[in-house]
Amino acid sequence: QVQLVESGGGLVQPGGSLRLSCAASGFTFSSYFMRWYRQAPGKERELVAGINSGSGYTTYADSVKGRFTISRDNAKSTVYLQMNSLKLEDTAVYYCYAFILRDYWGQGTQVIVSS
């Protein structure tokens, strides 16, 4: 069965950094496009970043361009989100997502940016 397990969230001050990880299992990870989404309190879930199977293509929301970097290690079946220069508005639950015949979501990891 497909599983996506996020980790790495936490409390960080504005300007700080965090690295999120999403460990995948139950499918051929190296063949699939992977995405990170986030959902802030009272807001809709939004796409943050995506990466293709070979890491040759990445895409980012305008709000995180230049601050966040998505990457993957196919040998470890893990996708990462390096978040730098964090802002208060980055506070959200961050979700790993894959479409494998249907939508699959992780359980989410909370990121709180606060002074």
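Look above for the structure.
Nothing here was measured: the structure is a model prediction, and the numbers come from that model.

Before we move on, could you go through the overall build of the protein and cite the residues and values that matter?
Within the protein, the secondary structure is distributed over zero helices and eleven strands. Start at the N end of the protein and walk to the C end: the helices and strands fall as β-β-β-β-β-β-β-β-β-β-β. Since a compact globule built from 115 residues should have a radius of gyration of about 13 Å, the 13 Å found for the protein is in line with a globular shape. Its C-alpha atoms give the protein principal-axis dimensions of roughly 40 × 25 × 20 Å.

So, the sheet that holds strand E3 (residues 18-25): which residues are in play, and what are the values?
Pairing is antiparallel across the open sheet formed by four strands, whose spatial order is E1-E3-E8-E7. Strand pairing shows two members of the sheet lacking a second neighbour, strand E1 (3-7) and strand E7 (68-73), which therefore form its edges. Shown here is a sheet whose adjacent strand axes are inclined to one another by a mean of 15°, direction ignored. When E3 meets strand E8 (residues 78-83), the two strands line up antiparallel, connected through six bridges. By the bridge assignment for E8, Leu18 is matched with Met83.

Quick rundown of the pattern of salt bridges? Include the residues and the values.
Overall, the coordinates contain four salt bridges when judged by the stated rule. The partner of Glu46 in a salt bridge is Arg38, and the shortest N-O contact between them spans 2.6 Å. With a relative accessible area of 5%, Arg38 lands in the buried category. Residue Asp90 pairs with Arg38 through a salt bridge whose shortest N-O separation is 2.9 Å. Placement of Asp90 in the loop between E8 and strand E9 (92-99) and of Arg38 in strand E4 (residues 34-39) is noted, with a sequence separation of 52 residues between them. What emerges from the salt-bridge pattern is a single network uniting Arg38, Glu46, Arg67 and Asp90.

Cut-off values and rules
- Residues numbered from 1 in each chain as written.
- Predicted model: local features only at pLDDT ≥ 70, side-chain atom pairs only at ≥ 80, totals over all residues.
- Heavy atoms only, no water.
- Helix = DSSP H or I, 4+ residues; strand = E, 2+ residues; numbered from the N terminus.
- Rg over C-alpha atoms; globule rule 2.2 N^0.38 Å.
- Pairing = 2+ DSSP bridges.
- Axes fitted to C-alpha atoms, helices over the stretch in contact; angles between N-to-C directions.
- Salt bridge = Lys/Arg side-chain N within 4 Å of Asp/Glu carboxyl O.
- Buried < 20%, exposed > 50% of the residue type's maximum accessible area, 1.4 Å probe, protein only.

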